[in-house]
Amino acid sequence: MYIYYSTFVSGFENAVKDFLIKSLDKTKIVLLLDGLVVYTTTTDVNKVKELRFVNNTFILIKEFSDKNLSLDLMLNELVNNAKLNIPVLSVRQKTFRIITSKENQLSAVDNTLLIKLEEKIKYFTKYRTNRKKPDIEFWILLRSEGRGFFGMRITHNHDSAKSLQQGELRPEVTNILCQLSDMNKTDVFLDPFVGSGAIPIERVKINKYTRVIATDNDKKLVNYLQTNVQRMNLKIEVYNGDALVLPSIANNSIDKIVTDPPWGIFNKKSESELNIFYTQMLQSFFRVLKPGGVAVVLLGQRELFLDLLKDFTDKFILEQNFSVLISGKKAGVYKIIKK
Ligand SMILES: C[S@@+](CC[C@H](N)C(=O)[O-])C[C@H]1O[C@@H](n2cnc3c(N)ncnc32)[C@H](O)[C@@H]1O
């Protein structure tokens, strides 16, 4: 049984811990850090690498903990002392490279040590080095609290930033948002600020549903998404509409809303404008949600939105909230339930 570690969006620690336990068999959480979890499971490695709510997953080869830890110290230990138990997952994998990362930034190391570690890996595995396009990557990862991990990456860069549209959420974020809504096959699901469609597209991919509705007030985006949905043959109903009114959605008709409304940073809305906007949004959500219906909302505003929710205590229960970092920006995720 391997020990794994996965990186994920900082701030979602408790959600990721719960999802791991739910998604994998006999999961034991060994260590939970900001944006990184170490765990064991009896589930097959091929299923572990398919988890969509994490950024990357690695098989742990060696762990380090020392307040004076550096990448070179880790490299030195790996070259000179460590016994390297390198897993072989596929006989087709023949080439590798070593990536060194400090506090989430790729970071240069002593090249002589790096070459020595490459030689050691070659000796034990018979793999060849390929620094440009390898089959396998070994990562030496150093974190700010003096913890380090050496592991073999088992996930591929499934959706690299290049293939995302501007403002489009990454799949690991949309996956967590959808999962937080407690998905159910009877769900009538709505994303009223749909943009590129990342949230409803993830929703239809990961679980059964009854209806998935997507709306946006930008006609161009709606046209684009309609074409995309047709091309991908997805059962998503896409409409043009104002989320503050939702004219085509009946009262008490929606089970789940999962959405990413404008954050107010880029379109420079003032605080009072945002207050009015989010108030109207919550009124509109209250109208269309069924009693007990859930809304999961991702917002760049924290204090403002939490303050605003105080005016809605007769309408919504705030069940969970997370302070997260999305593409380096502080954001909040709120799960509210209609009373
Ligand atoms: C933060 S973006 C959503 C991005 C989306 N989650 C994605 O991954 O592509 C917010 C979206 O809300 C839309 N929007 C802004 N005001 C709106 C309103 N009053 N009604 C409906 N949509 C609105 C914008 O056109 C934009 O597409």
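All values reported here derive from a predicted model rather than from experimental measurement.

### A few points about the overall build of the chain
What the chain contains, in helices and strands, is nine helices and 16 strands. For the chain, whose C-alpha radius of gyration is 23 Å, the value lies close to the compact-globule estimate of 20 Å for 339 residues. Looking at the chain alone, contacts between residues at least 24 apart form 72% of all its contacts between residues at least 6 apart. Of the charged side chains in the chain, 49 are positive and 37 negative; the average position of the first set lies 6 Å away from that of the second.

### Overview of the packing of helix α5 (residues 171–180) against helix α6 (residues 198–206)
Between α5 and α6, the least distance of the axes is 9 Å, while the angle of their chain directions is 65 degrees. The angle between α5 and α6 places the two elements in the roughly perpendicular class. Considering how the two elements wind past one another, α5 and α6 form a crossing that is right-handed. On α6, the residues touching Pro171, Thr174, Asn175, Leu177 and Cys178 of α5 are Ala198, Ile199, Glu202, Arg203 and Ile206. Taken together, the residues that form the contact of α5 with α6 break down as six nonpolar, two polar and two charged.

### Looking at the domain arrangement of the chain
Each assigned domain of the chain is listed here: domain 1 (3–158) and domain 2 (162–338). With centres defined by C-alpha atoms, the gap from domain 1 to domain 2 works out at 34 Å. Contacts between domain 1 and domain 2 engage 13 residues on the former and 17 residues on the latter. Carbon and sulfur atoms make up 65% of the area that domain 1 and domain 2 hide from each other, which totals about 1,300 Å². On the domain 1 side of the interface with domain 2, the three residues burying the most area are Phe12, Phe19 and Arg52, jointly 47% of the side's total.

### Examining unusual backbone geometry
Phi at Asn104 takes a positive value of approximately 70 degrees, unusual for a residue other than glycine. Along the chain, Asn104 turns up in the loop between β5 (95–102) and β6 (105–106). Positive phi is not limited to glycine here, since Asn252 has a value of about 50 degrees. By secondary structure assignment, the location of Asn252 is in the loop between β12 (237–240) and β13 (254–259). Residue Asn252 is classed as partly exposed on the basis of its relative accessible area, which comes to 41%.

Definitions and limits used
Residues numbered from 1 in each chain as written. Predicted model: local features only at pLDDT ≥ 70, side-chain atom pairs only at ≥ 80, totals over all residues. Heavy atoms only, no water. Helix = DSSP H or I, 4+ residues; strand = E, 2+ residues; numbered from the N terminus. Rg over C-alpha atoms; globule rule 2.2 N^0.38 Å. Contact = heavy atoms within 4.5 Å. Lys, Arg positive; Asp, Glu negative; His and termini not counted. Charge placed at Lys NZ, Arg CZ, Asp CG, Glu CD. Axes fitted to C-alpha atoms, helices over the stretch in contact; angles between N-to-C directions. Parallel < 35°, antiparallel > 145°, perpendicular 65-115°, else oblique. Left-handed = near helix turned anticlockwise from the far one by under 90°. Nonpolar A, V, L, I, M, F, W, Y, C, P; charged D, E, K, R; others polar. Domains from an automatic or database assignment. Buried area = accessible area lost by both parts, 1.4 Å probe. Buried < 20%, exposed > 50% of the residue type's maximum accessible area, 1.4 Å probe, protein only.

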